[in-house]
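# Descriptive analysis of the structure
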Amino acid sequence: MTSQPTQKTAGPAAGGHGLQAGLKNRHLSMIAIGGVIGAGLFVGSKTGIATAGPGILLSYALVGTLVVLVMRMLGEMSAANPTSGSFSAHADRALGPWAGFSIGWLYWFFWVVVLAVEATAGAEILEGWIPSVPQWGWALIVMVVLTATNLVSVGSYGEFEFWFAGIKVVAIAAFIVVGGLAVFGLLPGVDSDQAGLSNLTDHGGFLPNGAGAILTGVLLVVFSFMGSEIATLAAGESENPQRAVTKATNSIIWRVAVFYLGSILVVVALLPWNSKSIAKDGSYVAALDSLGIPHAGQIMNFIVLTSVLSCLNSGLYTASRMAFSLGQRGDAPKSFARTTGNGVPRTAILVSVVFGFVAVFFNYKFPDSVFLFLVNSSGAVALFVWLVICFSQLRMRKIIQAEAPEKLVVKMWLYPYLTWATAALIVFVLGYMLTDTEHDGRSTVLLSLLVAAVVLVIAFVKQRVGGGHAAVAGAADGTAAGTTAGAPASDAARDEVKTS
C-alpha cells in the first residue's frame, strides 16, 4: 500500500522528526533518469573519442554493462530495505560496521569535492554570459541558491531536480533524433557531407588506436556514470520506496543504452572521430555545428549548465543524506541525524555545503596542489563503492532469504556467479588504472587508496573503542517498509550467515 506523503521514512534517532516521504513518483522517475546523465558526458566525451576513436562506443558499453549489473545488485538490496543510507547501510549490515562507516564517509567525501568541481564549472559558464560578476561570485551564488533549495524541503529538491533532469533528457533525446536523421540524410535543410555511418570505419578503422584504447577509454568514461545510485538513496523519502527502487533498477538498461551509447553513436557518425572541431569545441558542440545549427555553442553551454546545476543539486542532497544515515548509525555526530519539521536534515546539509565551500576556496587558491589532491584522492571512490556493493549483495541475499524472502522483488541475475564476475571486472579496472600514467590513473588510484586506508583505520579504531553500534542502528535505521529487514543484523545473525 502506498504510504501517505507525511509518513516518516526514518526514525529520529537523535531528535527531530525524521525524514519524510516528500518525493513524488514523477520526481523519482526523473531523478532515476537524470542521475545517469552527468555533465561529464557533455564535456568529457571528447577526450575519450580522441583516445579510442569510434571504439569509445565499446568503452561506454563496457562501463554501461558494469553499471547495470551493480545497479541490479543495489536494487535487490534497496527494494528489500529502502533507506537513506543505501549501499552504506547495506554494507554496515552485511559486512560489518567498519564497511558502512568507511564507504559512507568516502562517498560523502566524493560528493563534497564534486560540489566544488561543478560549482566552478557552472561559474565559468555564467561568467562568460555576465562577466561583471566574478567567477568566485557566481560559484557562491550557485551554491547558496541550491543550499536554500535543499533546506526548504525534500519536495523542493525533487521539484528542482525534476526540471533540471527534464531539460537534460529532452536535450539529449532531441540531439539523438536530429542527429540520427542527419546521419541517414533525412533532415530537411541540412546537407552534411561529413555525416554517415562510414565515419565508424573510414578514418583508420573502428579501432584506429588499437584494442588497448578501449580500456583506456574505460578509465576516461567510468566516472561520468557516477550518480546512477542516487535514486536508491532518494527512494527512502518517496511515497512508495519499494516501487521506486524497482522501477529505477529495471529501467537502467534502456537509460544507459539511449542516453550514453545513443548520443555518442550520433556524435561519431556525424563527424570523423579525429575531426579538429571535436578536440577544439567539444564533441556535442562540434556535432551541432556540423549541422549548421546557429548558436550551437551557447545552446550546449545552457545544457551543460543545467547538467551542472542538476549535479550540484543532487550532490548536496546525496552528501547530506549519507551524512544523515551515518549520524543515525552512530558513525557521525548525532546532530547529523536531526531533522526539521519538514523532514530536512539541516545540520547534515550545512556541514556538507561548508566543506563544499572550503573545496571551492582551494580550487581558486591552490588549484594545482590542495584541490588537485582532493580531486585525485576521491576519483576512484566510484569503483570502491561498486566493489562494496558487490560484496554486500553476496552476503545480504542470504540475510534477506533467511528473514524476509518475500522482499526479494528484484533479484540479481545468475547469483552469485555474475556478482563475482562484476567484482573481478572492477578489480581489473582498478589494476589497469595503476598502469595509466598519461591520464593520472595511477595517481588517482594510489591517492584514493591512501584516503580509504586512513578512513579504514579510523573505522577499526572506532569499532574497537566503541564496541560497535548495533543498538543505535537498530533504533535508527527503520524505514517506511517497517520490516525486520530494515534493522541491522545482530552479531548472532551475522554469525548465522557466515556458517550458512
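Structure's up top.
Here goes a summary of the coordinates provided. Quick caveat, the model's predicted, so the values are computed rather than measured.

What follows deals with the overall build of the chain. What the chain contains, in helices and strands, is 21 helices and zero strands. Counting every position in the chain, which comprises 500 residues, the buried fraction comes to 58%. Look at the contacts in the chain between residues 6 or more apart in sequence, and 80% of them connect residues 24 or more apart. When the accessible area of the chain is evaluated, it comes to approximately 19,000 Å², of which 67% is carbon and sulfur surface.

Moving on, we get to helix H2 (residues 39-52). With 14 residues, H2 extends 20 Å from end C-alpha to end C-alpha; this agrees with the ideal 20 Å at 1.5 Å per step. The sharpest bend along H2 comes to roughly 45°, located at Ser-45. Residues of H2 that are buried include every one of Ala-39, Leu-41, Phe-42, Ser-45, Gly-48, Ile-49, Thr-51 and Ala-52, and no others. Gly-53 lies just past H2 and shows a positive phi near 65°.

Turning to helix H3 (residues 56-80), a few remarks are in order. Under the 1.5 Å per step criterion, the end-to-end length of H3 is 36 Å for 25 residues, consistent within 8% with the ideal 36 Å. Counting buried positions over the 25 residues of H3 gives 21, a clear majority of the element.

Applying the stated rule across the entire model yields seven salt bridges. Close ionic contact of Arg-321 with Glu-237 constitutes a salt bridge, the shortest N to O distance being 2.8 Å. Of this pair, Arg-321 sits in helix H14 (residues 296-328) while Glu-237 sits in the loop between helix H9 (230-234) and helix H10 (241-250), placing them 84 residues apart in sequence. Overall, Arg-321 belongs to the buried group, its relative accessible area being 1%. Glu-237 gets classed as buried once you look at its relative accessible area, which sits at 0%. Note that Asp-331 and Arg-329 form a salt bridge whose closest N and O atoms lie 3.9 Å from each other. You'll find Asp-331 and Arg-329 in the same group, each marked buried. Connected via shared salt-bridge partners are Asp-92, Arg-329, Asp-331 and Lys-462.

We now examine the packing of aromatic side chains. For the structure shown, the criterion picks out 21 aromatic pairs. Aromatic pair Tyr-107 and Trp-111: ring centres 6.2 Å apart, planes at 80°, arrangement edge-to-face. Within this pair, Tyr-107 and its partner Trp-111 are both found in helix H5 (residues 97-129), separated by four residues, close to a single helical turn. Tyr-107 sits in the buried class, given a relative accessible area of 0%. You can call Trp-111 buried: its relative accessible area is 2%. Aromatic pair Phe-428 and Tyr-432: ring centres 6.4 Å apart, planes at 25°, arrangement stacked. Here the residue Phe-428 and the residue Tyr-432 both occupy positions in helix H18 (residues 417-433), the gap between them amounting to four residues, near one helical turn. Its relative accessible area of 23% is what places Tyr-432 among the partly exposed residues. Of the aromatic side chains, those joined through ring pairs into one cluster are Phe-87, Tyr-107, Phe-110 and Trp-111. Against the face of Phe-162 rests Arg-26, its NZ or CZ located 4.7 Å from the ring centre. Here the guanidinium or amino end of Arg-397 rests over the ring plane of Tyr-415, the centre of that ring lying 4.2 Å away.

The next point concerns the environment of Ala-244. Residue placement: Ala-244 occurs in helix H10. A relative accessible area of 10% places Ala-244 in the buried class. Among all residues touching Ala-244, those that are not within four sequence positions of it are Leu-28, Ala-235 and Ser-238.

This brings us to the packing of H2 against H14. Interaxial distance between H2 and H14 falls to 7 Å at its minimum, and their mutual angle equals 125°. Taken together, the axes of H2 and H14 are oblique relative to one another. Here H2 contributes Ala-39, Phe-42 and Val-43 to the contact with H14, which in turn contributes Met-300, Ile-303, Val-304, Ser-307 and Val-308. A per-class count over the contact of H2 with H14 returns seven nonpolar, one polar and no charged.

Glancing now at the packing of helix H4 (residues 86-94) against helix H17 (residues 381-403). Where H4 contacts H17, the two axes come as close as 8 Å, and the packing angle between them is 60°. In terms of orientation, H4 lies oblique with respect to H17. With respect to the hand of their crossing, H4 and H17 are arranged in left-handed fashion. Touching Phe-87, His-90, Ala-91, Arg-93 and Ala-94 of H4 are Val-385, Val-388, Ile-389, Ser-392, Arg-395, Met-396, Ile-399 and Glu-403, all from H17. Classifying every residue of the contact of H4 with H17 by side-chain character gives eight nonpolar, two polar and three charged.

With respect to the helices and strands, Leu-197 occurs in the loop between helix H7 (154-183) and helix H8 (212-221). Overall, Leu-197 belongs to the partly exposed group, its relative accessible area being 45%. Residues Leu-197 and Ala-269, 72 residues apart in the sequence, show an inter-C-alpha distance of 5.2 Å.

Moving on, we come to the nonpolar core. By size, the foremost hydrophobic cluster in this structure holds 149 residues, and its most contacted members are Phe-87, Tyr-107, Trp-111, Val-385, Trp-386 and Ile-426. Sort the elements by how many residues they give to this core and H5 lands first, with 19 residues. Once residues within four sequence positions are removed from consideration, Trp-386 is found in contact with Leu-66, Val-67, Val-70, Val-222, Phe-225, Met-226 and Ile-426.

Here we come to the side chain of Ser-307. As for its position among the elements, Ser-307 is in helix H14. Leaving out residues up to four positions away in the same chain, Ser-307 has contacts with Ala-39, Phe-42 and Lys-168.

The next point concerns unusual backbone geometry. Looking along the chain, the bond that leaves Tyr-415 and enters Pro-416 is cis, with omega of 0°. Locating Pro-416 in the fold gives a position in the loop between H17 and H18. One non-glycine residue, Ser-86, lies in the positive phi region at around 45°. Of note, Ser-86 is situated in helix H4. Unusually for a residue other than glycine, His-295 sits at a positive phi of about 55°. As for its position among the elements, His-295 is in the loop between helix H13 (283-290) and H14.

Here is what the cut-offs are and how they apply
Within each chain, residue numbers correspond to sequence positions counted from 1 in written order. Residue-level local features of this predicted model are given only where pLDDT is at least 70; pairs of side-chain atoms are given and counted only at 80 or more, and the full residue set underlies all totals for whole chains, interfaces and linings. Based on all heavy atoms of the structure, the side-chain values leave hydrogens and waters out of the count. Numbering of helices and strands runs from the N terminus; a helix is a DSSP stretch of H or I covering at least four residues, while a strand is a stretch of E covering at least two. The cut-offs for exposure are 20% and 50% of the maximum accessible area for each residue type, with area from a 1.4 Å probe on protein chains only; residues under the lower value are buried, those over the upper are exposed, and the others partly exposed. We call two residues in contact whenever any of their non-hydrogen atoms come within 4.5 Å of each other. For every accessible area listed, the method is Shrake-Rupley and the probe measures 1.4 Å; residues are considered covered only by the protein chains on display. Expected span of a helix, by definition, is 1.5 Å for each gap between consecutive residues, and there is one gap fewer than residues. For a residue, the bend is simply the angle between two axes, fitted respectively to the seven-residue segment ending there and the seven-residue segment starting there. Salt bridge, as used here, is a side-chain nitrogen of Lys or Arg placed within 4 Å of a carboxyl oxygen of Asp or Glu. Aromatic pairing here means that ring centres of Phe, Tyr or Trp (its six-membered ring) are within 6.5 Å. Orientation follows from the plane angle: under 30 degrees is stacked, over 60 is edge-to-face, and everything else is tilted. Over a ring means this: the NZ of a Lys or the CZ of an Arg is within 6 Å of the ring centre and within 35 degrees of the ring normal. Each axis is a line fitted through C-alpha atoms, taken for helices only over the stretch in contact, and angles between the N-to-C directions span 0 to 180 degrees. Each angle gets one of four labels, with under 35 degrees taken as roughly parallel, over 145 as roughly antiparallel, 65 to 115 as roughly perpendicular, and the rest as oblique. Residues were grouped as follows: Ala, Val, Leu, Ile, Met, Phe, Trp, Tyr, Cys and Pro as nonpolar; Asp, Glu, Lys and Arg as charged; and all remaining residues, including Gly, as polar. Each crossing gets its handedness from the near helix: less than a right angle anticlockwise from the far helix is left-handed, clockwise is right-handed. Residues enter a nonpolar core if they are buried and are Ala, Val, Leu, Ile, Met, Phe, Trp, Tyr or Cys, with the set joined through side-chain atoms within 4.5 Å.

In short, shape yes, function no, at least from these values alone.
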